Amino acid sequence: MIERRYTGSKPKTVMPPGAIDTQLHLYLPGFPAQPGGPDLPPALPGPCEYQQVMAWLGIERLVVTQRNAHQFDNSNLLSCLEAMGTCARGVAVIDASTSDQEIETLHLCGVRGARIMDLPGGAVGLNGLSGVDAKAADAGWMLAVQFNGSDIVDHFENLSRIRSRWVLDHHGKFFRGAQPDGSEVDMVKRLIDGGNVWFKFSGCYESSRSGGPDYADIAAIARAIADYAPERIIWGTNFPHNFAQTTADYPNDARLLDTSLSWLPNDAARHLALVDNPEELFDFPPITAAPARQQQ
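Every value quoted in this text rests on a predicted model; they were computed, and no experiment measured them. Throughout this description, residue numbers start from 1 for each chain and increase along the sequence as written. In keeping with the model being predicted, local features are shown solely for residues with a pLDDT of at least 70 and side-chain atom pairs are shown and tallied solely at 80 or more, while totals for entire chains, interfaces and linings include all residues. With hydrogens and water stripped out, all remaining heavy atoms of the structure feed into the side-chain values.

> Looking at this model, I keep getting lost on the layout of surface pockets. Mind explaining?
Cavity and pocket criteria rest on a 1 Å grid covering protein atoms alone: a 1.4 Å probe that fits but cannot get out defines a cavity, protein on both sides within 12 Å along at least 5 of 7 lines defines an open pocket, and an atom within 4 Å of a point defines a lining residue. Grid points are joined across faces, edges and corners, and a volume is the space filled by probe spheres set on the points. Its boundaries defined by the atoms lining it, the largest pocket holds a volume of some 560 Å³. We call Asp, Glu, Lys and Arg charged. Ala, Val, Leu, Ile, Met, Phe, Trp, Tyr, Cys and Pro are nonpolar, and the rest, Gly among them, are polar. Classifying every residue of the lining of the largest pocket by side-chain character gives 11 nonpolar, 10 polar and six charged. A volume near 180 Å³ is recorded for the second largest pocket. Along its surface, the second largest pocket is lined by Arg5, Tyr205, Gly212, Tyr215, Phe243, Ala244, Ala248, Asp249, Tyr250 and Pro251. Tallied by class, the residues present in the lining of the second largest pocket amount to seven nonpolar, one polar and two charged.

> Hey, could you run me through unusual backbone geometry in this one?
Between Gly212 and Pro213 the backbone carries a cis peptide bond, its omega angle lying at 5°. The residue Pro213 is located in the loop between β7 (197–201) and α7 (216–228) in this model. Here the bond from Phe239 into Pro240 is cis, since omega is 5°, no more than 30 degrees from zero. Within the secondary structure, Pro240 is located in the loop between β8 (233–235) and α8 (253–261). In the Ramachandran plot, Lys173 falls in the positive-phi region, its phi being about 45° despite a non-glycine side chain. Relative to the helices and strands, Lys173 resides in the loop between β6 (165–168) and α6 (183–193). Of note, Asp283 is a non-glycine position whose phi angle comes to about 65°, a positive value. For each residue, the accessible area found with a 1.4 Å probe, counting protein chains only, is set against the maximum for its type, and the residue is called buried under 20%, exposed over 50%, and partly exposed in between. For Asp283, a relative accessible area of 42% puts it in the partly exposed group. Helix and strand assignments come from DSSP, with helices taken as H or I runs of at least 4 residues and strands as E runs of at least 2, each series counted from the N terminus.

> Sorry if this is basic, but what is going on with empty space enclosed by the protein here?
The method is simple in principle: a probe with the dimensions of a water molecule rolls over the atoms, and the space it marks as empty is what remains. Enumeration over the complete set of coordinates arrives at three cavities of 30 Å³ or more. Volume-wise, the largest cavity comes out at about 100 Å³. Ranked by the residues each element gives to the lining of the largest cavity, the list is headed by α8, at four residues. A breakdown of the residues in the lining of the largest cavity according to their chemical character gives six nonpolar, six polar and one charged.

> Help me out: how do you make sense of the packing of aromatic side chains in this one?
In this description, a pair of aromatic rings is defined by centroid distance and the angle of the planes. Two rings belonging to Phe, Tyr or Trp (six-membered ring only in the last case) form a pair when the distance between their centres is within 6.5 Å. Interplanar angles under 30 degrees mark stacking, angles over 60 mark edge-to-face geometry, and anything in between is tilted. Taken as a whole and assessed by the stated rule, the structure comprises five aromatic pairs. Each ring, one from Tyr6 and one from Phe239, has its centre 6.0 Å from the other, and the planes form 55°; the classification is tilted. You can see Tyr6 sitting in the segment before β1 (20–24) and its partner Phe239 sitting in the loop between β8 and α8, a full 233 residues away along the chain. A connected cluster of aromatic rings, assembled from ring pairs, spans Tyr6, Tyr50 and Phe239. Over the ring of Trp198 we find Arg232; its NZ or CZ atom is 4.5 Å from the centre of that ring. For a ring to carry a charge above it, either NZ of a lysine or CZ of an arginine must fall within 6 Å of the ring centroid while also lying within 35 degrees of the normal to the ring plane.

> Could you clarify how one ought to interpret the nonpolar core in this entry?
It is characteristic of soluble globular proteins that their nonpolar side chains tend to be buried jointly. By nonpolar core we mean a set of buried residues, namely Ala, Val, Leu, Ile, Met, Phe, Trp, Tyr and Cys, connected to one another through side-chain atoms within 4.5 Å. Of all hydrophobic cores here, the largest spans 78 residues; its most connected members are Leu26, Tyr50, Leu62, Leu143, Leu159, Trp166 and Phe201. The greatest single-element share of this core, amounting to six residues, is contributed by α7.

> I'm lost on the pairing of strand β4 (residues 111–117) in this one. Help?
Burial analysis of β4 places seven of its seven residues in the buried class, which makes it a mostly covered element. One ladder, built from three bridges, connects strand β3 (residues 88–92) with β4; its direction is parallel. Counterpart to Val91 in the pairing with β4 is Gly113. Direction of pairing for β4 relative to strand β5 (residues 142–146): parallel, over a ladder of five bridges. In the sheet register, Ala114 faces β5, and the bridge partner there is Leu143. For a crossover, the right-handed case is the one in which the path from the first strand over the helix to the second runs clockwise, viewed with the strands pointing away from the viewer. Handedness of the β-α-β unit built from β4, helix α4 (residues 129–139) and β5 comes out right-handed. By this definition, two strands are paired if DSSP reports at least two bridges between them.

> Help me out: how do you make sense of the sheet that holds β3 in this one?
Within a sheet, each strand pairs with its neighbour through backbone hydrogen bonds, oriented either parallel or antiparallel. Taken in spatial order, the eight strands make up an open sheet running β1-β2-β3-β4-β5-β6-β7-β8, and their pairing is parallel. In the strand order of this sheet, the two ends are held by β1 and β8, each with one partner. Taking the axes of each pair of neighbouring strands and ignoring which way they run, one obtains an average angle of 25° across the sheet. Taken together, the three bridges between β7 and β8 define a ladder with parallel strand orientation. The residue bridging Lys200 from the neighbouring strand is Ile234, located in β8. Of the strands in this sheet, β4 and β5 are in contact with α4, which crosses β5 at around 155°. Fitted lines through C-alpha atoms serve as axes, helices being fitted only where they are in contact, and the angles separating the N-to-C directions of these axes extend from 0 to 180 degrees. The contact criterion used throughout is that any non-hydrogen atoms of two residues lie within 4.5 Å.

In C-alpha cells, the structure reads:
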C-alpha cells in the first residue's frame, strides 16, 4: 500500500495570505466508485489529511475537483465541501441533461465549475463540451478542461467557441512533448488572447518526458506561458497524487511547490497565481475581506 506524506519541512516559498490550491481530490467513506471510472485510492485521503497539507504548505483556500472514480455522482464532492467549510469551492461533473434545480443545489453547496475530462476514465469528454459549456455559462461557472494537449490542433476551433471562463488543466498535458516556441504553445497563447482562458500549473509529473526533480520540459512551457500572461495562471497541489503508484513515487509536496512556483517570473506573478487569479475564476471573496478558515 502506498504511504502518503502530509507534513514535513516547510517549503522555501512563503505563501501569501489567502493562498488558493485550485487542484485536489478528496474522499470520504461511504461513496463507492461508479462504473466507468477508476478504483478509489487506498485509505481514502480526505479532509483531515488535506488539512495537514494546508498547514504544512501555507494554503488557506481550496478547490476540490470531482474525481473520475465517482463519475456523475457528486455526493462525495458535496460532503467534502461541507467538511471543509466556506474556504472551499468545488468543480463537479454535469452534462447537458443536468437540471437547473440540480445546478442550483450544487451552487449553494459551493460548486463553481464543471469538469471535462477527455482521457480514459473521464465521465464527460470533449464530445459533451458544448452542452456542459451552455449549462456552465448560464450558471456563471467555469470549466476545467483536460485532454491530450498534443492534439490541441484538432480541438482548437471547438475550444475557441467556449462561452464560459475555462482552465486548460495540468500544464496542457502535451503527452508527445511540446516546445515553448512551438505550435502547441502558440495555440494556448491564442486561446488566452480570447479573454476567457486560464492555464493551470499542477501535476507536472503526469506529462513530463524529462522527469523530476526539475521537470525541465514542463518548466520551459510553463515559463513561456507565465511570461506571456501572468494574469491567467493558477496553481494546484494535485493532492493526493493519484498518479503515484508507490511510496517511492509519491512527491514531496513542499519541494514540488517550490519547483512549480519558481516557474513564475516574480513575486507579483506568484501572488496573481495563488490569490488574485483563482479568486476571480472560482468566485472567492477578496482576501481583503479575510478568508474563511476550514472547519475543524
